[in-house]
Amino acid sequence: MRNRHGFTLVELVVALVLFGLVGTSIYQLLVNNQRLYLSQSERVNANSSARAAVSILPHSIRELSATDPDGSDILAATASGFRFRSLKNVYFACQDGALGTLVLDRTNWFGIRALDVSTDSLLIFAENDLTTRTDDQWLHANVTSAVVGTACPSSQPSITLLLDLLSGTMAGVYQGAPIRSYQVEQISAYTDASGDSWLGAQTISKSTGAASTIQPIVGPLSGTGLALVYYDANGNVTADRARIARMGISVVGQSRSVVRTDTGIGYLTQDLTTDVSLRNNCRFSCP
Amino acid sequence: MFAQPRNERGIALPMAIFALVVIGGMVAGSFFIATQEQAVGRNSVRLQQAFSAAEEGAQLQMANWQSATYNAMIVGDSVTFSGTLSTGTGWYRGSIRRLSQMMFLVRSEGFNRDSSSRQQVGMLARLRLIEIDIQGALTTQGDTKIGGSSFISGHDTPPGAWTGCPATTDALAGIRINPGASITTSGCNNLDCVTGDPQVEYDSEVTEESMTTFGDLTFDELRALASFEMTGGTYKIEPVVNNGRCQTETLTNWGDPIDPTSPCNDYFPIIWVNGDLNINQLMGQGVLIVDGDLSVQGGFQFYGPVIVRGFLKTTGTGGHFNGGVVAANVALEQNTVLGDAVINYSSCALIRALTASASADLLQERSWINLY
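Below: a short report on this structure. A quick note: this is a predicted structure, and the numbers were derived from the prediction, not measured. (Residues numbered from 1 in each chain as written. Chains lettered and ligands numbered in written order. Predicted model: local features only at pLDDT ≥ 70, side-chain atom pairs only at ≥ 80, totals over all residues. Heavy atoms only, no water.)

## Digging into the overall build of chain B
A tally of regular secondary structure across chain B gives five helices and 26 strands. The globule rule puts the C-alpha radius of gyration for 372 residues at 21 Å, and the 34 Å found for chain B is more than 25% above it. With the C-alpha coordinates of chain B rotated into their principal frame, the extents come out at 150 × 45 × 40 Å. Across the 372 residues of chain B, 51% fall into the buried class. Carbon and sulfur atoms form 51% of the exposed surface of chain B, whose accessible area is close to 16,200 Å². Each charge class in chain B can be summarised by its mean position, and for the 21 positive and 35 negative side chains these summaries are 19 Å apart. (Helix = DSSP H or I, 4+ residues; strand = E, 2+ residues; numbered from the N terminus. Rg over C-alpha atoms; globule rule 2.2 N^0.38 Å. Buried < 20%, exposed > 50% of the residue type's maximum accessible area, 1.4 Å probe, protein only. Areas by Shrake-Rupley, 256 points an atom, 1.4 Å probe, with all protein chains shown as cover. Lys, Arg positive; Asp, Glu negative; His and termini not counted. Charge placed at Lys NZ, Arg CZ, Asp CG, Glu CD.)

## Remarks on the environment of Cys246 of chain B
Residues and elements named next belong to chain B. Secondary-structure assignment places Cys246 in strand E16 (residues 245–246). Residue classification places Cys246 among the buried positions, given a relative accessible area of 9%. Along the sequence, Cys246 and Gly174 sit 72 residues apart, while their C-alpha atoms lie 35 Å from each other. For Cys246, the residues in contact, after removing those within four places along its chain, are Val240, Asn253, Pro263, Cys264 and Tyr267. (Contact = heavy atoms within 4.5 Å.)

## Looking at the interface of chain B and chain A
Listed per partner, the contact involves 45 residues of chain B and 52 residues of chain A. Both sides together, the interface formed by chain B and chain A hides about 4,600 Å², and carbon and sulfur atoms give 58% of it. Its largest share of buried area at the contact with chain A, chain B owes to Gln364, Glu365 and Arg366 of chain B, together 20% of the area lost on that side. Between the two partners, chain B and chain A, sit seven salt bridges. Of the charged contacts in the structure, one is a salt bridge between Arg366 of chain B and Asp73 of chain A, with a shortest N-O distance of 2.5 Å. Remark: the boundary between chain B and chain A carries 24 residue pairs in polar contact (both at pLDDT 80 or more). The greatest single-element share of the side of chain B that touches chain A, amounting to 14 residues, is contributed by helix H1 (residues 12–63) of chain B. Considered class by class, the residues forming the side of chain B that touches chain A number 24 nonpolar, ten polar and eleven charged. (Buried area = accessible area lost by both parts, 1.4 Å probe. Salt bridge = Lys/Arg side-chain N within 4 Å of Asp/Glu carboxyl O. Polar contact = N/O pair within 3.5 Å; in protein donor to acceptor, adjacent residues only side chain to side chain. Nonpolar A, V, L, I, M, F, W, Y, C, P; charged D, E, K, R; others polar.)

None of this, on its own, says anything about what the molecule does.
So this is what it looks like as structure tokens:
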């Protein structure tokens, strides 16, 4: 025979066994690596959800005042959500207030967006008696129209607002007074059609009071996902919206898909807790 | 002898390379995720550092309110500030803008150490005036002796050297006194050295409590608002300027009410004196609070409100007070306004002294603004 090279049966069996052992080991290694990779990815997702929630919520809560004598900024409060006056910007009056009218400086304002008459309501600072601070108040007003012009001193750019004043009088509103606009919003946990929990936001129409379609802002969350606790200035849990001084926020983020864990197959979760004080509550001579 | 096989290459090497590539990919993926997590965490820290820097910048301006500078700004003007956190984790810059006669906006922009993260906050501040209920040139609950060539006037009198005073207000009482106290005269027949509307007002509301309560503050709480404290004693009070700068560190420098070009012309301190104070000459302005008795001589001139817990005594060339004097006279000893003393009610001196010396405080409500 010209070619007698080949393998004996024994050689073949040994080779197959060795190949099987090595292949199985490599396969196990790959599977474990992939499992670890997926697990890590999902843990990152869960972490991100929880972290984003405890980052977003304090921004909305810090600026609120629950102790306003004309009504708390927190309009509804439950363990899974709250409705509130979401502050959008601050402008300054360039003239003293007049009956039903207010002229704003159009160039010097701060905030996340400009005043939107169709959605925003106003809080107007009234100094009243200049020599005392105890009669200062924030007037609540609805804007009915806005006209852009140059009505500020020295013909500077202005916005002239027609107001429907809901509290107080404009007599104590002086040039330079800050005016803060807000839109009523609601943040709450909800479950979507596929059964996943999310943290969602809605805007509330100032004309009809109707809530917009809820939009997810963070998720998915585990179970109810969000737990809010309301505390008064003494640190006691309170259900009285006008006495809220601090909000405790607990969020449980959840992985987007199930992964194999030490205890079996399931979702990974990550819980984070933070407390936020309402920084704009009344500070002295409070009613 | 067997011939050498032509091809002995097996699959071990390709398989090893394949495994290494796959495992390497997995490890790289894991590292990537870990790196991403670390970056997110680091960014969170940077953001928090920037926020803290902005907060500290604003809070420091409120805590160290520069009354002489900020209170003298005209409406619309602003001054800038900047600083570095003592921890070295960030820095801040910002401005203080006068919004109205009483209100200011403190805007502070904070950065982390390498300026890769930025946050901005604002605070609405309001001047905190001492609420002194001046309803007469001299208000007291104790017996009072007036004489010599002294003069007490409840007519609103702008200080002669001052410009820009608002319109004068209605006249107040020359002397407003508790009905239980008496006024005796020596050379001031028929109280002709007292003018006002009325000349003398006997008011049962002039009590120790009413004279030692100032809005929501008690007499002792005024101490927290003082620019500085002095111990009782005998002093000559005069403005001190060094190298063109008003020496506010000198406790006997109470500003310059006479020379409008002086660097001390805008300096209106709130002076708290522990014990009995005896002033012999020269001049000052601001808010004078004496937790004891006040004796004045040598023609000392003062512009602004004077609050004395004990009694008031002027002798010799006396003292010239422009604003209003409240002598609570808690020990019910006799006030003596003798010599060449003058007490003029002046709304201009009162408002200017109270406004210029005022500290600033955050608004009662909604003072904090997230400026993004």
